[in-house]
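Geometric and topological summary
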Amino acid sequence: MQSIEAMWEQILYWLSLDMQVRALAERLLDRFAVTVGDLPASAAHHHAEPGGLYRHSLEVALKALEEFEGNMKMEQRPDGSVDSFRSSRNRSRWQYATFLAALCHDLGKLFELEVHGKGETWCPLDEPYAQFGGRTKTPVASWRPDREHGAHAKLSSFLMHHILSRADITYLGLPRFVHLATCLSDGHSGESASPLAQTVSRADQASVEQAQPAIAAQPNNPVSLFLQALQELIENVTLGVNTPGAQVYVEGDKAAVVVPVAVAKARDRLMARQIKLPPNTNLYNMLRNARLVEADQTGRSVRKIKLQGSQGPISLSALILPTDKVVPKPILSTLPPTHFEIDTEPAPEATPVVEG
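Please read all numbers here as calculations on a predicted model, not as lab measurements.

Let us now look at the pairing of strand β8 (residues 302–309). Relative to strand β9 (residues 312–322), β8 is paired through eight bridges, and the arrangement is antiparallel. Paired with Lys306 across the bridge in β9 is Ser315. Remark: two residues form the turn of the hairpin made by β8 and β9, two consecutive strands paired antiparallel. Alignment of β8 against strand β10 (residues 340–342), held across three bridges, turns out to be antiparallel. The partner of Ile305 across the bridge, within β10, is Ile342.

Right, dumping it as structure tokens:
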């Protein structure tokens, strides 16, 4: 795992082709650090440790800059002609916009945290977190129970006044400043037509995936607990495997776990031990990010499978997981053979859009 200092230096290295940009970035990174302080990036998912939001944001910024360097993106001139980001006079400005969109993509998460200190409640609009913490000395943060999954993307723009200076806005220019605002809302959308927003989305996913395998291996992680519950339920025959009406179907190295019924049974088993799993969508994303579930080309974790039932072909929704993670090894040799097919759907074609 790279240190914060190493990522900081690498980001400035990518931006150092123009020393004006490097100087802007150094000051902006300082302001960003003051704004997010040591807050986490999630409650129990990726980068949930103190300082996790800052680390995750640096990782996404670095990965986005690396992709920017290696890919040709296009800019439309006012006269309608097209130029490459890499060869145009505005290349370094688009590079800086990419850095900003990636660094600030999760800034809206500050609205999802409730922070108290010395009888005060922090308002992210009013002041950076470090300023509030310095004044109240021992702030206590918790995640708001009413937060909506993914809503933070649309809130990030409201906090950019803590991050951007007049010099940043002047350097970017109006077209890139407008585009930055759009990308902050669209950066988490895999369906976004904006190449810049797609770059941020891929960098975000790469940072999450980099963190998730190690997290998933922890015994008290929701992913590990879920898989453990599945194995226990199969061992005591609460979940059927490869039988009529079963909740799990195994063929070779793939186990199709029927949802939501199998997940509900695992959830009930863990609740009896006072363990609460995250909502299904969050759990499925955690399995995908840990590279345990076999997602389709669009990134969906829940797949359609077809198999032969007692009264003809049937279709079921299932998570496709590695057999050795779901079924206890001693049981494998006792299972009757079965066959299922995973429906494959072509990925939707992206509509090409030229950035302006």
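Back to the text.
Next up on the list: the nonpolar core. Core analysis: the biggest nonpolar cluster contains 53 residues, and Ile11, Tyr96, Phe99, Leu103 and Leu107 have the highest contact counts within it. With residues up to four places along the chain from it excluded, the contact list for Phe99 reads Ile11, Leu15, Ala25, Leu28, Leu29, Ala61 and Leu65. Judged by nonpolar contacts, the second largest core, of 33 residues, contains Val248, Ala255, Leu277 and Val326.

For the rest of this paragraph, the subject is the sheet that holds strand β5 (residues 140–143). An order of β4-β3-β5 is seen for the three strands of this open sheet, with the pairing classed as antiparallel. The open sheet is flanked by β4 (120–121) and β5, the only strands paired with a single partner. Sheet topology note: the strand β3 (residues 113–117)/β4 ladder contains two bridges and is antiparallel. Along β4, the bridge assignment pairs Gly117 with Glu120. Sitting on the sheet, helix α5 (residues 129–136) is in contact with β3 and β4, with an inclination near 25° to β3.

Rules behind the numbers
Residues numbered from 1 in each chain as written. Predicted model: local features only at pLDDT ≥ 70, side-chain atom pairs only at ≥ 80, totals over all residues. Heavy atoms only, no water. Pairing = 2+ DSSP bridges. Helix = DSSP H or I, 4+ residues; strand = E, 2+ residues; numbered from the N terminus. Core = buried A, V, L, I, M, F, W, Y, C linked by side-chain atoms within 4.5 Å. Buried < 20%, exposed > 50% of the residue type's maximum accessible area, 1.4 Å probe, protein only. Contact = heavy atoms within 4.5 Å. Axes fitted to C-alpha atoms, helices over the stretch in contact; angles between N-to-C directions.

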